[in-house]
Amino acid sequence: MILVFGSVNIDLVARVAAIPRPGETVLSPSYQIVFGGKGANQAIAAARASLPHRVAMAARVGDDSFGRSARDNLVRNGVAADLVATGSEPTGCAFITVDEHGENAITVASGANTSLTEDQIRGFRIDASTIAVLQMEVPFSASLNVARQVRESGGRVIWNFAPAPPTFPAQDLSDLIDETDIFVVNEHEAITASERLGGTAGNFEEAGAFLSERGCICVVTAGARGAFAFHPDGQRERVEAKPIQPVDTTGAGDTFVGILASALDEALPLATALERACHGASLTCLAHGAQAGMPTRDQIGTA
Ligand code: RIB
(Lines give C-alpha, C1' and ligand atoms only; values in the text may rest on other atoms or scores of the structure.)
Protein backbone atom coordinates (compact mmCIF):
# COMPACT_ATOMS: atom_id res chain seq x y z
CA MET A 1 0.00 0.00 0.00
CA ILE A 2 1.26 3.49 -0.86
CA LEU A 3 0.91 6.24 1.74
CA VAL A 4 1.43 9.75 0.41
CA PHE A 5 2.04 12.27 3.17
CA GLY A 6 2.10 15.73 1.67
CA SER A 7 0.56 18.84 0.23
CA VAL A 8 -2.76 19.57 -1.40
CA ASN A 9 -3.07 22.80 -3.41
CA ILE A 10 -5.35 24.47 -5.83
CA ASP A 11 -3.35 25.80 -8.80
CA LEU A 12 -4.17 29.15 -10.42
CA VAL A 13 -2.48 28.94 -13.79
CA ALA A 14 -1.80 31.75 -16.29
CA ARG A 15 -0.21 31.13 -19.66
CA VAL A 16 2.25 33.79 -20.82
CA ALA A 17 4.69 34.27 -23.69
CA ALA A 18 7.59 34.56 -21.24
CA ILE A 19 7.76 34.22 -17.45
CA PRO A 20 8.06 37.73 -15.93
CA ARG A 21 11.41 38.84 -14.52
CA PRO A 22 11.57 40.61 -11.13
CA GLY A 23 9.77 43.95 -11.39
CA GLU A 24 8.07 43.06 -14.69
CA THR A 25 4.32 42.67 -15.31
CA VAL A 26 3.07 40.50 -18.16
CA LEU A 27 -0.49 40.00 -19.38
CA SER A 28 -2.29 36.71 -19.91
CA PRO A 29 -5.72 36.53 -21.53
CA SER A 30 -7.11 34.19 -18.86
CA TYR A 31 -6.34 31.73 -16.09
CA GLN A 32 -7.38 28.23 -15.06
CA ILE A 33 -8.20 26.87 -11.62
CA VAL A 34 -7.00 23.26 -11.41
CA PHE A 35 -6.03 20.66 -8.80
CA GLY A 36 -2.43 20.48 -7.66
CA GLY A 37 0.00 20.20 -4.76
CA LYS A 38 3.00 17.92 -5.03
CA GLY A 39 1.54 15.42 -2.58
CA ALA A 40 -1.87 15.25 -4.21
CA ASN A 41 -0.32 15.08 -7.68
CA GLN A 42 1.90 12.17 -6.66
CA ALA A 43 -1.00 10.37 -5.00
CA ILE A 44 -3.17 10.72 -8.09
CA ALA A 45 -0.37 9.68 -10.45
CA ALA A 46 0.18 6.59 -8.28
CA ALA A 47 -3.52 5.75 -8.10
CA ARG A 48 -4.05 6.07 -11.86
CA ALA A 49 -1.08 3.75 -12.45
CA SER A 50 -2.10 1.18 -9.83
CA LEU A 51 -4.73 -1.46 -9.29
CA PRO A 52 -7.67 -0.14 -7.19
CA HIS A 53 -7.31 0.65 -3.48
CA ARG A 54 -3.51 0.86 -3.36
CA VAL A 55 -3.08 4.56 -2.48
CA ALA A 56 -3.97 6.61 0.60
CA MET A 57 -3.18 10.25 1.27
CA ALA A 58 -2.60 12.03 4.58
CA ALA A 59 -2.89 15.80 4.21
CA ARG A 60 -4.58 18.94 5.47
CA VAL A 61 -6.91 21.29 3.60
CA GLY A 62 -8.93 24.33 4.63
CA ASP A 63 -12.62 24.45 5.53
CA ASP A 64 -13.38 26.08 2.18
CA SER A 65 -14.64 25.19 -1.28
CA PHE A 66 -11.08 24.63 -2.55
CA GLY A 67 -10.47 22.11 0.23
CA ARG A 68 -13.74 20.27 -0.33
CA SER A 69 -13.25 20.00 -4.07
CA ALA A 70 -9.59 18.94 -3.68
CA ARG A 71 -10.64 16.13 -1.34
CA ASP A 72 -13.40 15.04 -3.75
CA ASN A 73 -10.86 15.06 -6.54
CA LEU A 74 -8.61 12.65 -4.64
CA VAL A 75 -11.50 10.26 -4.06
CA ARG A 76 -12.65 10.50 -7.69
CA ASN A 77 -9.15 9.48 -8.74
CA GLY A 78 -9.08 6.42 -6.51
CA VAL A 79 -7.08 7.86 -3.58
CA ALA A 80 -8.35 7.04 -0.07
CA ALA A 81 -8.81 10.45 1.57
CA ASP A 82 -9.89 9.45 5.10
CA LEU A 83 -6.60 10.84 6.41
CA VAL A 84 -7.17 14.29 4.88
CA ALA A 85 -7.89 16.69 7.76
CA THR A 86 -9.75 19.96 7.58
CA GLY A 87 -8.09 22.91 9.35
CA SER A 88 -8.89 26.53 10.04
CA GLU A 89 -6.26 27.85 7.60
CA PRO A 90 -7.14 28.24 3.90
CA THR A 91 -6.39 25.44 1.46
CA GLY A 92 -2.93 25.75 -0.09
CA CYS A 93 -2.84 27.67 -3.33
CA ALA A 94 -0.16 27.74 -6.05
CA PHE A 95 0.23 30.66 -8.46
CA ILE A 96 1.71 29.29 -11.66
CA THR A 97 2.85 30.94 -14.87
CA VAL A 98 3.56 28.70 -17.85
CA ASP A 99 5.49 30.02 -20.85
CA GLU A 100 5.16 29.11 -24.51
CA HIS A 101 7.80 26.37 -24.16
CA GLY A 102 5.84 24.68 -21.37
CA GLU A 103 8.27 25.81 -18.64
CA ASN A 104 6.80 27.19 -15.42
CA ALA A 105 7.43 29.37 -12.38
CA ILE A 106 5.47 28.58 -9.22
CA THR A 107 4.75 30.42 -5.97
CA VAL A 108 3.01 28.30 -3.32
CA ALA A 109 0.95 29.91 -0.56
CA SER A 110 1.05 26.92 1.77
CA GLY A 111 -2.00 27.62 3.99
CA ALA A 112 -3.30 24.46 5.68
CA ASN A 113 -0.30 22.41 4.49
CA THR A 114 1.90 24.15 7.07
CA SER A 115 -0.10 22.61 9.95
CA LEU A 116 0.08 18.97 8.81
CA THR A 117 1.53 16.75 11.54
CA GLU A 118 2.45 13.07 11.79
CA ASP A 119 -0.67 12.56 13.95
CA GLN A 120 -2.57 12.50 10.68
CA ILE A 121 -1.37 8.97 9.91
CA ARG A 122 -2.51 7.53 13.24
CA GLY A 123 -5.38 5.66 11.57
CA PHE A 124 -3.14 4.04 8.96
CA ARG A 125 -1.82 0.52 9.43
CA ILE A 126 1.87 0.72 8.59
CA ASP A 127 3.67 -2.54 7.86
CA ALA A 128 6.53 -3.94 5.80
CA SER A 129 4.52 -3.52 2.59
CA THR A 130 4.04 0.22 3.11
CA ILE A 131 5.69 2.60 0.68
CA ALA A 132 5.68 6.16 2.03
CA VAL A 133 5.94 8.97 -0.51
CA LEU A 134 7.17 12.31 0.85
CA GLN A 135 8.03 15.73 -0.58
CA MET A 136 9.04 19.16 0.77
CA GLU A 137 5.78 21.13 0.84
CA VAL A 138 4.68 20.20 4.38
CA PRO A 139 6.62 20.52 7.66
CA PHE A 140 9.88 18.61 7.45
CA SER A 141 9.77 17.32 11.05
CA ALA A 142 6.36 15.72 10.43
CA SER A 143 7.56 14.04 7.23
CA LEU A 144 10.69 12.78 9.00
CA ASN A 145 8.58 11.25 11.77
CA VAL A 146 6.42 9.49 9.20
CA ALA A 147 9.54 8.19 7.45
CA ARG A 148 10.92 6.87 10.74
CA GLN A 149 7.68 5.06 11.59
CA VAL A 150 7.51 3.45 8.17
CA ARG A 151 11.14 2.32 8.24
CA GLU A 152 10.80 0.96 11.79
CA SER A 153 7.97 -1.24 10.47
CA GLY A 154 10.12 -2.50 7.63
CA GLY A 155 8.43 -0.35 4.97
CA ARG A 156 10.15 1.78 2.35
CA VAL A 157 10.43 5.53 1.87
CA ILE A 158 10.55 7.44 -1.39
CA TRP A 159 11.44 11.07 -0.68
CA ASN A 160 11.17 13.66 -3.42
CA PHE A 161 13.39 16.63 -2.45
CA ALA A 162 11.07 19.11 -4.16
CA PRO A 163 10.82 21.97 -3.90
CA ALA A 164 14.41 22.05 -2.60
CA PRO A 165 14.30 24.62 0.23
CA PRO A 166 16.59 27.63 -0.34
CA THR A 167 17.97 27.10 3.15
CA PHE A 168 17.99 23.63 4.67
CA PRO A 169 20.45 22.63 7.39
CA ALA A 170 22.94 19.92 6.44
CA GLN A 171 21.94 17.96 9.55
CA ASP A 172 18.28 17.88 8.43
CA LEU A 173 19.27 16.72 4.97
CA SER A 174 21.48 14.07 6.48
CA ASP A 175 18.59 12.87 8.70
CA LEU A 176 16.29 12.86 5.68
CA ILE A 177 18.61 10.70 3.60
CA ASP A 178 19.18 8.36 6.55
CA GLU A 179 15.43 7.60 6.53
CA THR A 180 15.11 7.32 2.74
CA ASP A 181 15.33 4.31 0.46
CA ILE A 182 14.90 6.18 -2.81
CA PHE A 183 15.82 9.87 -2.95
CA VAL A 184 14.30 11.52 -6.04
CA VAL A 185 15.68 14.82 -7.29
CA ASN A 186 15.93 16.79 -10.50
CA GLU A 187 19.33 17.92 -11.76
CA HIS A 188 19.26 21.22 -9.86
CA GLU A 189 18.02 19.59 -6.64
CA ALA A 190 20.74 16.94 -6.90
CA ILE A 191 23.47 19.57 -7.05
CA THR A 192 21.87 21.67 -4.28
CA ALA A 193 21.58 18.63 -1.98
CA SER A 194 25.09 17.45 -2.71
CA GLU A 195 26.61 20.88 -2.03
CA ARG A 196 24.61 21.16 1.19
CA LEU A 197 26.33 17.95 2.37
CA GLY A 198 29.78 19.16 1.44
CA GLY A 199 30.01 17.44 -1.96
CA THR A 200 31.82 19.24 -4.77
CA ALA A 201 29.30 18.25 -7.42
CA GLY A 202 30.09 19.89 -10.74
CA ASN A 203 27.21 18.13 -12.45
CA PHE A 204 24.18 16.05 -11.54
CA GLU A 205 25.95 12.74 -12.19
CA GLU A 206 28.65 13.51 -9.63
CA ALA A 207 25.93 14.78 -7.28
CA GLY A 208 23.79 11.64 -7.69
CA ALA A 209 26.78 9.38 -7.08
CA PHE A 210 27.81 11.40 -4.02
CA LEU A 211 24.30 11.33 -2.52
CA SER A 212 23.94 7.58 -3.05
CA GLU A 213 27.13 7.02 -1.05
CA ARG A 214 25.05 8.02 1.98
CA GLY A 215 23.20 4.72 1.64
CA CYS A 216 20.12 5.50 -0.48
CA ILE A 217 19.36 4.97 -4.15
CA CYS A 218 19.47 8.44 -5.68
CA VAL A 219 17.22 8.85 -8.72
CA VAL A 220 17.87 11.97 -10.79
CA THR A 221 15.21 13.06 -13.27
CA ALA A 222 16.81 14.87 -16.17
CA GLY A 223 13.89 15.97 -18.37
CA ALA A 224 14.42 15.11 -22.03
CA ARG A 225 17.50 13.02 -21.10
CA GLY A 226 15.43 10.63 -19.00
CA ALA A 227 16.29 9.40 -15.51
CA PHE A 228 19.42 8.09 -13.80
CA ALA A 229 19.65 5.86 -10.73
CA PHE A 230 22.78 5.83 -8.58
CA HIS A 231 23.14 2.92 -6.15
CA PRO A 232 25.20 2.92 -2.94
CA ASP A 233 27.43 0.14 -4.36
CA GLY A 234 28.36 2.35 -7.33
CA GLN A 235 26.04 0.65 -9.82
CA ARG A 236 24.20 3.01 -12.23
CA GLU A 237 21.07 2.68 -14.35
CA ARG A 238 19.74 5.00 -17.04
CA VAL A 239 16.37 5.20 -18.74
CA GLU A 240 15.95 7.35 -21.83
CA ALA A 241 12.94 9.62 -22.26
CA LYS A 242 10.92 9.47 -25.48
CA PRO A 243 11.10 12.75 -27.43
CA ILE A 244 7.99 14.91 -26.98
CA GLN A 245 6.86 18.47 -27.63
CA PRO A 246 5.78 19.59 -24.12
CA VAL A 247 2.90 22.01 -23.67
CA ASP A 248 3.16 22.16 -19.87
CA THR A 249 5.80 20.48 -17.70
CA THR A 250 3.92 21.21 -14.43
CA GLY A 251 3.50 17.97 -12.50
CA ALA A 252 5.92 15.93 -14.63
CA GLY A 253 8.20 15.26 -11.65
CA ASP A 254 5.19 14.38 -9.50
CA THR A 255 3.93 11.94 -12.11
CA PHE A 256 7.36 10.32 -12.20
CA VAL A 257 7.37 9.85 -8.42
CA GLY A 258 3.79 8.53 -8.27
CA ILE A 259 4.33 5.97 -11.03
CA LEU A 260 7.66 4.92 -9.53
CA ALA A 261 5.89 4.22 -6.22
CA SER A 262 3.13 2.32 -7.99
CA ALA A 263 5.58 0.08 -9.86
CA LEU A 264 7.58 -0.65 -6.70
CA ASP A 265 4.32 -1.41 -4.88
CA GLU A 266 3.81 -4.11 -7.55
CA ALA A 267 7.27 -5.46 -6.73
CA LEU A 268 8.63 -4.62 -10.18
CA PRO A 269 12.40 -4.22 -10.63
CA LEU A 270 13.72 -0.67 -10.36
CA ALA A 271 14.67 -0.56 -14.06
CA THR A 272 11.05 -1.31 -15.08
CA ALA A 273 9.73 1.17 -12.52
CA LEU A 274 12.01 3.88 -13.92
CA GLU A 275 10.90 3.15 -17.48
CA ARG A 276 7.22 3.40 -16.57
CA ALA A 277 7.83 6.55 -14.56
CA CYS A 278 9.74 8.24 -17.40
CA HIS A 279 7.13 7.30 -19.96
CA GLY A 280 4.28 8.52 -17.73
CA ALA A 281 6.04 11.79 -16.92
CA SER A 282 6.46 12.61 -20.58
CA LEU A 283 2.77 11.87 -21.29
CA THR A 284 1.82 14.36 -18.55
CA CYS A 285 3.65 17.16 -20.38
CA LEU A 286 1.28 16.83 -23.34
CA ALA A 287 -1.68 18.38 -21.48
CA HIS A 288 -2.16 21.64 -19.59
CA GLY A 289 -2.25 21.47 -15.77
CA ALA A 290 -0.50 19.19 -13.30
CA GLN A 291 -3.04 16.36 -13.27
CA ALA A 292 -4.93 16.49 -16.57
CA GLY A 293 -2.35 14.53 -18.54
CA MET A 294 -1.41 12.01 -15.88
CA PRO A 295 -1.73 8.65 -17.60
CA THR A 296 -3.89 5.73 -16.56
CA ARG A 297 -2.52 2.24 -16.04
CA ASP A 298 -3.51 1.31 -19.60
CA GLN A 299 -1.85 4.36 -21.10
CA ILE A 300 1.45 3.66 -19.37
CA GLY A 301 1.37 0.08 -20.62
CA THR A 302 1.63 -2.43 -17.86
CA ALA A 303 2.19 -5.57 -19.91
O1 RIB B 1 4.80 20.04 -8.91
C2 RIB B 1 3.75 20.85 -9.34
C3 RIB B 1 2.98 21.37 -8.17
O4 RIB B 1 3.81 22.22 -7.42
C5 RIB B 1 1.79 22.19 -8.52
O6 RIB B 1 0.63 21.42 -8.70
C7 RIB B 1 1.69 23.18 -7.40
O8 RIB B 1 0.57 23.04 -6.59
C9 RIB B 1 3.00 23.03 -6.62
O10 RIB B 1 2.79 22.38 -5.44
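Conventions we followed
- Residues numbered from 1 in each chain as written.
- Predicted model: local features only at pLDDT ≥ 70, side-chain atom pairs only at ≥ 80, totals over all residues.
- Heavy atoms only, no water.
- Near = heavy atom within 4 Å.
- Polar contact = N/O pair within 3.5 Å; in protein donor to acceptor, adjacent residues only side chain to side chain.
- Areas by Shrake-Rupley, 256 points an atom, 1.4 Å probe, with all protein chains shown as cover.
- Helix = DSSP H or I, 4+ residues; strand = E, 2+ residues; numbered from the N terminus.
- Nonpolar A, V, L, I, M, F, W, Y, C, P; charged D, E, K, R; others polar.
- Core = buried A, V, L, I, M, F, W, Y, C linked by side-chain atoms within 4.5 Å.
- Buried < 20%, exposed > 50% of the residue type's maximum accessible area, 1.4 Å probe, protein only.
- Contact = heavy atoms within 4.5 Å.
- Pairing = 2+ DSSP bridges.
- Axes fitted to C-alpha atoms, helices over the stretch in contact; angles between N-to-C directions.

## What to know about the site of the ligand
Point 1. In the region of the ligand, 14 residues are neighbours, and Asp11, Gly37, Lys38, Glu137 and Asp254 sit closest.
Point 2. Measuring from an oxygen atom of the ligand, one finds a side-chain N or O atom of Asn9 at 3.1 Å.
Point 3. Asn41 places a side-chain nitrogen or oxygen 3.0 Å from an oxygen atom of the ligand.
Point 4. Alone, the ligand offers 270 Å² of accessible surface; in the complex the protein occludes 96% of this.
Point 5. Where the shell around the ligand is concerned, the elements lending two or more residues are β2 (9-15), α1 (38-49) and β7 (104-109).
Point 6. A class-by-class count of the residues in the shell around the ligand yields four nonpolar, six polar and four charged.

## With respect to the nonpolar core
Point 1. Core analysis: the largest hydrophobic core is formed by 45 residues, its most contacted members being Met57, Ile182, Phe256 and Leu260.
Point 2. When near neighbours in sequence (up to four residues on either side) are disregarded, Phe256 contacts Val184, Val219, Thr221, Ala227, Leu274, Ala277, Cys278 and Ala281.

## Regarding helix α5 (residues 187-196)
Point 1. Among the residues of α5, Glu189, Ala190, Thr192, Ala193 and Ser194 are the ones counted as buried.
Point 2. Those residues of α5 that are buried are in contact with β9 (156-160), α4 (170-178), β10 (182-186), α6 (204-212) and β11 (217-221).
Point 3. A distance of 3.1 Å separates the backbone nitrogen of His188 from a side-chain oxygen at the start of α5, and that oxygen is part of Asn186.
Point 4. At the exit of α5 stands Gly198, carrying a positive phi of roughly 90°.

## A short note on the pairing of β2
Point 1. Most of β2 sits out of view: five of its seven residues are buried.
Point 2. Pairing between β2 and strand β3 (residues 32-36): five bridges, direction antiparallel. Bridge assignment links Ile10 to a residue of β3, and that residue is Phe35.
Point 3. Pairing analysis gives seven bridges linking β2 to strand β6 (residues 92-98), with the strands arranged parallel. The residue of β6 that forms the bridge with Ala14 is Thr97.

## Topic: the sheet that holds strand β4 (residues 55-62)
Point 1. Taken in spatial order, the nine strands line up as β5-β4-β1-β8-β9-β10-β11-β12-β13 in an open sheet, and their pairing is mixed. Strand pairing shows two members of the sheet lacking a second neighbour, β5 (80-87) and β13 (236-239), which therefore form its edges. Ignoring strand direction, the axes of neighbouring strands in this sheet form an average angle of 15°.
Point 2. Where β11 and strand β12 (residues 227-230) come together, four bridges link them in antiparallel fashion.

## Structural notes on unusual backbone geometry
Point 1. Going from Ala162 to Pro163, the amide bond is cis rather than trans, its omega being -5°.
Point 2. Among the structural elements, Pro163 can be located in the loop between β9 and α4.
Point 3. Positive phi values are uncommon outside glycine, yet His53 reaches one of about 60°.
Point 4. Given a relative accessible area of 69%, His53 falls into the exposed group.
Point 5. Positive phi, close to 65°, is recorded for Ala267, a residue that is not glycine.

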